[in-house]
Amino acid sequence: ITQENKMTLVSGSPGGLGYAGFVNPSGLPQDIMPLKMQDGPQGFNPYQVELAGTATQFPALLAVAASFSPDVSRKYAEAVADEFVTKGANVLLGPDVEVTRSTMTGRCFETLSGEDPFLGSSLVRPFVQEIQKRGIIATVKHWLDNNQEIYRQTMNSVVGDRAQHEIYMPVFKAAFEAGAAAVMCSYNKVNGDHACENGQILTQLLRDELGFKGYVVSDWGGTHNAEKSAKAGLDVEMPNAQYYHDIPGLIQNGTLDAAILDKMATHVLSSMYFSGHFDGLFPPEKFGALGHMPATTDAHRAVALNTIIESAILLKNKGDTLPLTTSGLKIALIGRYCNQTEDKALQQGSVYSGGGSGFVMTTRSISPLQGVQDFIKDAEISFSADASAAEGADVAVICAAAHSEEGWDRKNLSLPEAADLVVKLRALSGAAALKVVILASAPGAVTTEWLHGADAALLLFEPGEQVGPAIARLLTGAASPSGRLPVSLPEVDEDRFTKWQYPGLCADNSWCEQMIANFSEDVLVGYRWNNAQDVPSAFPFGFGLSYTQFEFTDLHASCSGASASVTFRVSNVGSRAGTAVPQLYIGFRSLRPVLRQLRAFKKVTLAPGETADVIFALSDEDWSFWDTPQARWVSALTLGEDVRVSVGSSSTELPLTATLPCVLPRRKLAKASLR
């Protein structure tokens, strides 16, 4: 193909017709579809108010993370892919997989990883596989260290090698291994250079170390210099060729080798070929479909509903307040957001969905009040924005929501109105007999100072349009909450970062566009920091109650070569069916300062009195760490270190522990210990 043809492969075109952008290749057979790119990973965002309701407003990806379920991730991605096919989009700009460093970040709700790379890796594989098998290119984002929104286009993330390899890169690696054919570079600088013109991360880490073969696309407006970006490894500039239009001239004057353009074009063509674009995998009859096509279905809304239920986290349930036996009850829904899913005060997004490119406009939201009224027919339901409707009620259900959006970070981690409404409910006459339940919707972590005055609390992560039906089912026990925290919930006074760490500072100790965020906490991210610093969270990573109780017993560990097997039993010792989420954490000396990290989990649904055997298979990867001086992964066993496994219901509740009985042959141990 000609140089002009090649340029069409690396040059974006602005969006329109309900899409975020296009790549329109020339010189290819006429039956090859152009790349029609669209946000986002949480459903098809048509960007036009008149198209609201044509796509499903799914829960946020953080809700998928809270499900701790690869199957939920797979079904979610399958439904999203269905709608992309219907609307004729063959490139999905997602999933977002950044590991959450600071819970204040404005896009925390968009990440599939929460605060743990193993959780994210386990969930991104089925997500990517479902997208790619439909002939849609999954574009994993944002590479790399895009962990805050404050001055995101100019700030500099200073990150060490070990943190890159152990915390921030693994989920991307898992996505590429699952077949993700594209990756989006981020706005921020990494160790001094913009991500989209950074050879260390685009070539050394991405291609040389991870072996990525697909194309790299810039975030919209993330390119700053054609020569630097092309040489560093950026393949496609979006939303247009503002800088890449200079490439032919750079080749002509000898500044840029023509082989670089060949490589860029090859990456795009390789991704298209791998994704079935030359084989008709994306339905040819959908080539001409536009973003206005109706795509949401009852089946997709059922997926959205199930995702909320699977990700709902029961934080408190004093005296088995939930589920409610509704017959004859007087139930008051308290708080304006019980009857409101839109709020004009929000710049982007809605009450139950975060704002930005990942937002899906809808006309189909069902409020908590409507959901409860539609589902509960044997109780008296009332509502007030203030506490008044709870006078004389048996149960008061508070609806409270925090919000965040793309473009800036959160100001705090509070849950607006929750504490005030609890105080007012407890001041009512007859309050001693009143049961108070809090339904909290959040874009990430929240502080929980409002919890002490409540009898029960459920936490949902940006649940989307099916919030009402989900809440009704969770309150009544028609469905049981089975989510676990993908991010730790901090105490109000937690002091995790210095200002130099987050959000960063400039040389004069002030905020400015060129601020530097020093990731000097290194690998102590999320619960790893809490454990190492002995600073307990209010609620730890992995936490979540059930409407029943579980016991973990009979832990056994065995080894075979460089592999290990851990078995134990999970028993439902309560009176209701429910879902346990046993989690396995591993620790060894060279992992320090990290004490332990998640390396296995599984959802186990059990009837009352039922017991199940659980088996976790482990390998050398699970007890390896990144040795920075050697610039390679090293197994703790090759160093003769003990590897300790701990099993339980969260990152801190780990009643079962054992040391793996794995021993390497002496000659292998001696050879491996030579530094």
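Here the structure is shown first, and the text comes after it.
Residues numbered from 1 in each chain as written. Predicted model: local features only at pLDDT ≥ 70, side-chain atom pairs only at ≥ 80, totals over all residues. Heavy atoms only, no water.

How should the pairing of strand β12 (residues 330–334) be read in this particular structure?
The two faces of the sheet receive side chains in turn, since in a regular strand these alternate between them. Burial runs high along β12: four of the five residues are buried. Summarising the sheet, β12 and strand β13 (residues 380–384) pair through five bridges and their orientation is parallel. Each bridged residue has a counterpart across the sheet, and for I331 the counterpart in β13 is I381. Where the polypeptide runs from β12 across helix α12 (residues 368–375) and back to β13, its parallel neighbour, the crossover connection is right-handed. (Buried < 20%, exposed > 50% of the residue type's maximum accessible area, 1.4 Å probe, protein only. Helix = DSSP H or I, 4+ residues; strand = E, 2+ residues; numbered from the N terminus. Pairing = 2+ DSSP bridges. Right-handed = clockwise from strand over helix to strand, strands pointing away.)

What is the right way to look at the packing of helix α11 (residues 298–311) against helix α14 (residues 467–476) in this model?
When two helices pack together, their arrangement is given by the angle between their axes and by how far apart the axes lie. Their axes nearest at 9 Å, the elements α11 and α14 cross at an angle of 45°. One finds that α11 runs oblique with respect to α14. Like other packed secondary-structure pairs, α11 and α14 cross with a definite hand, here right-handed. Along its contact with α11, which presents L305, I308 and I309, the element α14 presents V467, P469, A470, R473 and L474. (Axes fitted to C-alpha atoms, helices over the stretch in contact; angles between N-to-C directions. Parallel < 35°, antiparallel > 145°, perpendicular 65-115°, else oblique. Left-handed = near helix turned anticlockwise from the far one by under 90°. Contact = heavy atoms within 4.5 Å.)

Explain the sheet that holds strand β17 (residues 516–518) to me, please; I cannot follow it from the model alone.
The strands that make up a sheet pair up through hydrogen bonds in the backbone, lying either parallel or antiparallel. Across the sheet, four strands lie side by side as β9-β8-β6-β17; this open sheet has mixed pairing. At either margin of the open sheet sits one strand with a lone partner, and together these are β9 (193–194) and β17. Bridge analysis of strand β6 (residues 156–158) against strand β8 (residues 189–190) gives two bridges, and the strand direction is parallel. Looking across to β8, one finds that N156 is bridged to K189.

Any chance you could explain the state of the cysteines here in plain terms?
A covalent bond bridging the sulfur atoms of two cysteines is what the word disulfide describes. What the rule picks out here adds up to four disulfides. In this model, C338 is linked to C399 through a disulfide, with the two sulfur atoms separated by 2.1 Å. Between C338 and C399 the disulfide shows an S-S torsion of about 100°. By sign, it is right-handed. Of this pair, C338 sits in the loop between β12 and α12 while C399 sits in strand β14 (residues 395–401), and the two are 61 residues apart along the sequence. (Disulfide = S-S within 2.5 Å.)

Would you explain helix α10 (residues 258–274) in this entry?
The α-helix advances 3.6 residues per turn, and as a result positions three or four apart in sequence lie on the same side. Here α10 is 17 residues long and its end C-alpha atoms lie 24 Å apart, about the 24 Å a rise of 1.5 Å per residue gives. If you check which residues of α10 are buried, you get L261, M264, A265, H267, V268, S271 and M272. Take α10 and look down its axis: the buried residues cluster within an arc of 145°, on one side only. α10 presents K263, Y273 and F274 as exposed residues on the side facing more than 90 degrees away from its buried surface. The N-cap of α10, judged by a side-chain oxygen 2.8 Å from the amide nitrogen of A259 a few residues on, is D257. Where α10 ends, the next residue or the one after it, G276, has phi of about 85°, a positive value. (Expected span 1.5 Å × (residues − 1). Arc of directions from axis to C-beta. Polar contact = N/O pair within 3.5 Å; in protein donor to acceptor, adjacent residues only side chain to side chain.)

Just checking my understanding: could you explain the packing of aromatic side chains for this structure?
Working definition: an aromatic ring pair is given by the centre-to-centre distance plus the angle between the planes. The full count for this structure, using the stated rule, is 23 aromatic pairs. Where Y527 meets F541, the ring centres are 4.7 Å apart and the plane angle is 25°; that geometry is what we call stacked. One end of the pair, Y527, is in helix α15 (residues 527–533); the other, F541, is in the loop between α15 and β18 (550–560), with 14 residues separating them in the sequence. Taken as a pair, Y527 and F541 share a single burial class, namely buried. Both rings, one in F588 and one in F625, keep their centres 6.4 Å apart while their planes meet at 45°; by these two values the pair is tilted. Of this pair, F588 sits in the loop between β21 (583–587) and β22 (597–601) while F625 is found in strand β25 (residues 624–627), placing the two residues 37 residues apart along the sequence. The exposure classification of F588 matches that of F625, with both residues buried. (Phe/Tyr/Trp six-rings, centres within 6.5 Å; stacked < 30°, edge-to-face > 60°.)

What is the right way to look at the sheet that holds strand β5 (residues 137–143) in this model?
One open sheet accounts for seven strands, arranged β1-β2-β3-β4-β5-β7-β10; its pairing is mixed. Edge positions in the sheet fall to β1 (13–16) and β10 (215–218), since each has one partner strand and no second. Across two bridges, strand β3 (residues 35–38) lies against strand β4 (residues 91–92) in parallel orientation. Bridging across to β4, Q38 finds its partner in L92. Contacting β4 and β5, helix α4 (residues 117–132) runs over the sheet at an angle of about 140° to β5.

How should I be thinking about unusual backbone geometry in this particular structure?
Of all residues except glycine, most have a negative phi; of all peptide bonds, most are trans. G94 connects to P95 through a cis peptide bond whose omega is 10°. You can see P95 is positioned in the loop between β4 and α4. P239 follows M238 through a cis peptide bond whose omega is 5°. Along the chain, P239 turns up in the loop between α8 (226–232) and α9 (247–252). The phi angle at A631 is positive, at roughly 55°, despite the residue not being glycine. With respect to the element layout, A631 can be found in the loop between β25 and β26 (632–635).

Where do I start with the pattern of salt bridges in this structure?
If the charged atoms of two oppositely charged side chains come close together, the side chains can form a pair. Inspection of the entire model under this criterion finds 28 salt bridges. Between E166 and R162 there is a salt bridge, and its shortest N-O distance comes to 2.8 Å. You can see E166 and its partner R162 sitting in helix α5 (residues 161–168), four residues apart, about one turn around the helix. Look at R162 and you get buried, because its relative accessible area is 11%. As a salt-bridge pair, D622 and R599 come within 2.7 Å of each other at their nearest N and O atoms. With D622 in the loop between β24 (611–618) and β25 and R599 in strand β22, this pair connects stretches of sequence that are 23 residues apart. (Salt bridge = Lys/Arg side-chain N within 4 Å of Asp/Glu carboxyl O.)

Would you mind going over helix α7 (residues 199–209) with me for this structure?
Turning to α7, its buried residues are I201, L202, L205, L206 and R207. Looking down the long axis of α7, one finds its buried residues gathered within 160° of arc, a one-sided arrangement. Structurally, the start of α7 carries an N-cap: the backbone nitrogen of Q200 is 3.1 Å from a side-chain oxygen of N198. Among the residues trailing α7, G211 stands out with phi positive, at a value near 75°.

Explain the side chain of E237 to me, please; I cannot follow it from the model alone.
When you line up the elements, E237 lands in the loop between α8 and α9. Put simply, E237 is tucked away with no salt bridge, and the nearest opposite charge, on K228, sits 14 Å away. Polar side-chain contacts of E237 include one of 3.1 Å to the backbone nitrogen of Y243. If we ignore the near neighbours within four places in the chain, the residues touching E237 are V10, S11, G12, S218, T223, Q242, Y243 and Y244. (Lys, Arg positive; Asp, Glu negative; His and termini not counted.)

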